[in-house]
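Observations on the model geometry
Listed here are the chains, written in short residue letters.
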Amino acid sequence: MAASFAGAATTTSNTVVKHIPFFGPKPTSLVTPSLLLSPSVLKFHRILTLKRKKPKLAICFVLEDKTLSSNSGGGGGTQLEFPDSIGEESADQISAAAAAARVAEKLARKKSERSTYLIAAVMSSLGITSMAIVAVYYRFAWQMEGGEIPYAEMFGTFLLSVGAAVGMEMWARWAHEALWHASLWHMHESHHKPREGAFELNDVFAITNAVPAIALLYYGFYTKGLIPGLCFGAGLGITVFGMAYMFVHDGLVHRRFPVGPIANVPYFRRVAAAHQLHHSEKFNGVPYGLFLGPKELEEVGGLEELDREVSRRIKLSKNL
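An account of the accompanying structure is given in this report. (Residues numbered from 1 in each chain as written. Predicted model: local features only at pLDDT ≥ 70, side-chain atom pairs only at ≥ 80, totals over all residues. Heavy atoms only, no water.)

Between helix α8 (residues 226-253) and helix α9 (residues 266-280), the shortest axis-to-axis distance is 10 Å and the interhelical angle comes to 70 degrees. Accordingly, the angle class assigned to the pair α8 and α9 is roughly perpendicular. The two elements α8 and α9 meet at a crossing, and its hand is right-handed. Across the interface between the two elements, V248, H249, L252 and V253 of α8 pack against F268, V271, A272, H275 and Q276 of α9. The class makeup of the residues in the contact of α8 with α9 is six nonpolar, three polar and no charged. (Axes fitted to C-alpha atoms, helices over the stretch in contact; angles between N-to-C directions. Helix = DSSP H or I, 4+ residues; strand = E, 2+ residues; numbered from the N terminus. Parallel < 35°, antiparallel > 145°, perpendicular 65-115°, else oblique. Left-handed = near helix turned anticlockwise from the far one by under 90°. Contact = heavy atoms within 4.5 Å. Nonpolar A, V, L, I, M, F, W, Y, C, P; charged D, E, K, R; others polar.)

The subject of this paragraph is the packing of aromatic side chains. What characterises a pair of aromatic rings is the spacing of the ring centres plus the angle enclosed by the ring planes. Using the criterion set out here, one finds eight aromatic pairs in the structure. Taken together, a centroid distance of 5.0 Å and an interplanar angle of 85 degrees make the contact between F221 and Y222 edge-to-face. Residue classification places F221 among the partly exposed residues on the basis of a relative accessible area of 23%. Arranged with centres 5.8 Å apart and planes meeting at 65 degrees, the rings of F241 and F291 form a pair that is edge-to-face. Of the two residues, F241 sits in helix α8 while F291 sits in the loop between α9 and α10 (293-299), which places them 50 residues apart along the sequence. Every member of this aromatic cluster is reached through a ring pair, and the members are Y218, F221 and Y222. The ring of F232 has R139 lying over it, and the distance from NZ or CZ to the ring centre is 5.8 Å. (Phe/Tyr/Trp six-rings, centres within 6.5 Å; stacked < 30°, edge-to-face > 60°. Buried < 20%, exposed > 50% of the residue type's maximum accessible area, 1.4 Å probe, protein only. Lys NZ or Arg CZ within 6 Å of the ring centre and 35° of its normal.)

This brings us to unusual backbone geometry. Trans is the common state for peptide bonds, and a negative phi is the common state for residues other than glycine. The omega torsion of the bond from V286 to P287 falls at 5 degrees, within 30 degrees of zero and hence cis. Tracing the sequence through the fold places P287 in the loop between α9 and α10. Its identity as a non-glycine residue notwithstanding, R255 has a phi of 55 degrees, on the positive side. Its place among the elements puts R255 in the loop between α8 and α9. Look at R255 and you get partly exposed, because its relative accessible area is 31%. If you check the backbone angles, E281 has positive phi at about 60 degrees while not being a glycine. Position of E281 relative to the elements: it lies in the loop between α9 and α10.

Across the interface, helix α7 (residues 204-222) lies against α8 with an axial gap of 7 Å and an inter-helix angle of 145 degrees. Helix-helix and strand crossings are classified by hand; for α7 and α8 the assignment is left-handed. Where α7 approaches α8, its residues N209, A213, L216, L217, Y219, G220 and F221 are matched on the opposing element by P228, C231, F232, A234, G235, L236, I238 and T239. A breakdown of the residues in the contact of α7 with α8 according to their chemical character gives eleven nonpolar, four polar and no charged.

Attention now moves to the side chain of N202. Note that N202 resides in the loop between α6 (185-188) and α7. Judged by relative accessible area, N202 falls into the buried class, the value being 11%. In this structure, N202 is in contact with M187, H188, S190 and H191, ignoring residues within four places of it in sequence.

Time to look at a nonpolar patch on the surface. Side chains of F158, V162, V166, M170, V265, Y267 and L292 sit close together on the surface and give an oily, nonpolar patch of about 610 Å² of accessible area. Within the secondary structure layout, F158 lies in helix α5 (residues 151-183). On the basis of relative accessibility, which here comes to 55%, the residue F158 falls in the exposed class. (Patch = residues over 30% accessible without salt bridge, like charges linked within 9 Å, V, L, I, M, F, W, Y side chains within 5 Å. Areas by Shrake-Rupley, 256 points an atom, 1.4 Å probe, with all protein chains shown as cover. Salt bridge = Lys/Arg side-chain N within 4 Å of Asp/Glu carboxyl O.)

Another point: the nonpolar core. Counting residues in hydrophobic clusters, the biggest one holds 19 residues, and the most contacted among them are I238, F241, Y245, V248, L252, L290 and F291. For this core, the secondary-structure elements that each account for two or more residues are α5, α8 and α9. No other element matches the eight residues that α8 contributes to this core. Discounting residues that sit within four places of it in the chain, L290 has contacts with E169, Y245, V248, H249, V271 and H275. Judged by nonpolar contacts, the second largest core, of nine residues, contains A273, A274, L297 and L306. (Core = buried A, V, L, I, M, F, W, Y, C linked by side-chain atoms within 4.5 Å.)

The terminal C-alpha atoms of α8 lie 39 Å apart, and with 28 residues this matches the ideal 40 Å at 1.5 Å per residue to within 8%. Within α8, 21 of the 28 residues are buried, which leaves it mostly tucked inside the rest of the structure. Positioned one or two residues after α8, R255 has a phi angle of 55 degrees, which is positive. (Expected span 1.5 Å × (residues − 1).)

Geometry only, nothing functional implied.
And the structure:
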């Protein structure tokens, strides 16, 4: 029994020594169990074991909902309750703040757009007016260089300028109904929707009307004779109508820029109200014209509605 125990111990010790060559003897030497259990060997083994095992630290957090309360019968304690309305009020406040921010941003954008369009309108109006005045002056001065005053040509120029301005109202009325609300609705539709930006696709029609005016003015300015004088007058009338249309339609009706005292002219108030009824489509789109819009409403029995719209716009302007 003792022999077998000694043999087993010897075998085990030899195996350990083979795996730890630092402190064990040579493989050929004999190691006794008392040597393996000596204090120095055990101390060195503990040091090696501590070096191999690295300490680890784990922190755990446990979240638990607690009600801050105490028993009512245990000393008169109080209970803290948080009603659900606090969360709802906070959500309402956030929504209100977001809505106010959106409104402020929209107002700032509208103000910037109005300023941009006002600058464009004033610069174009002053530029076109000054060029028209200079062109009329030089053309008449050029006609009178020979000493004779061409009364017929001058009268024709003046007559065609007035006739072209009135004719443009008729043209705009027809084109508005037959073209803009028909085959060209994909462009004119931008004018019947909330505008995003200072300009809209419908503004292209103003450019198309300016092309023949420029062509007629150019031909009439550089050519003498009665026919060129009539062409010059026609181009001048189209230009005057375009400027008036811009201030009344874009400025007074749709408030794209301030128009000042024009808004206080009684007939222009009726013109603006009539065009507003066109956008409401209460009379199937009537009126399609601008300056003769009140007359169109009278033809379809819309004067009563026109008067109410005028009163509404007056009250709105006072509240601004």
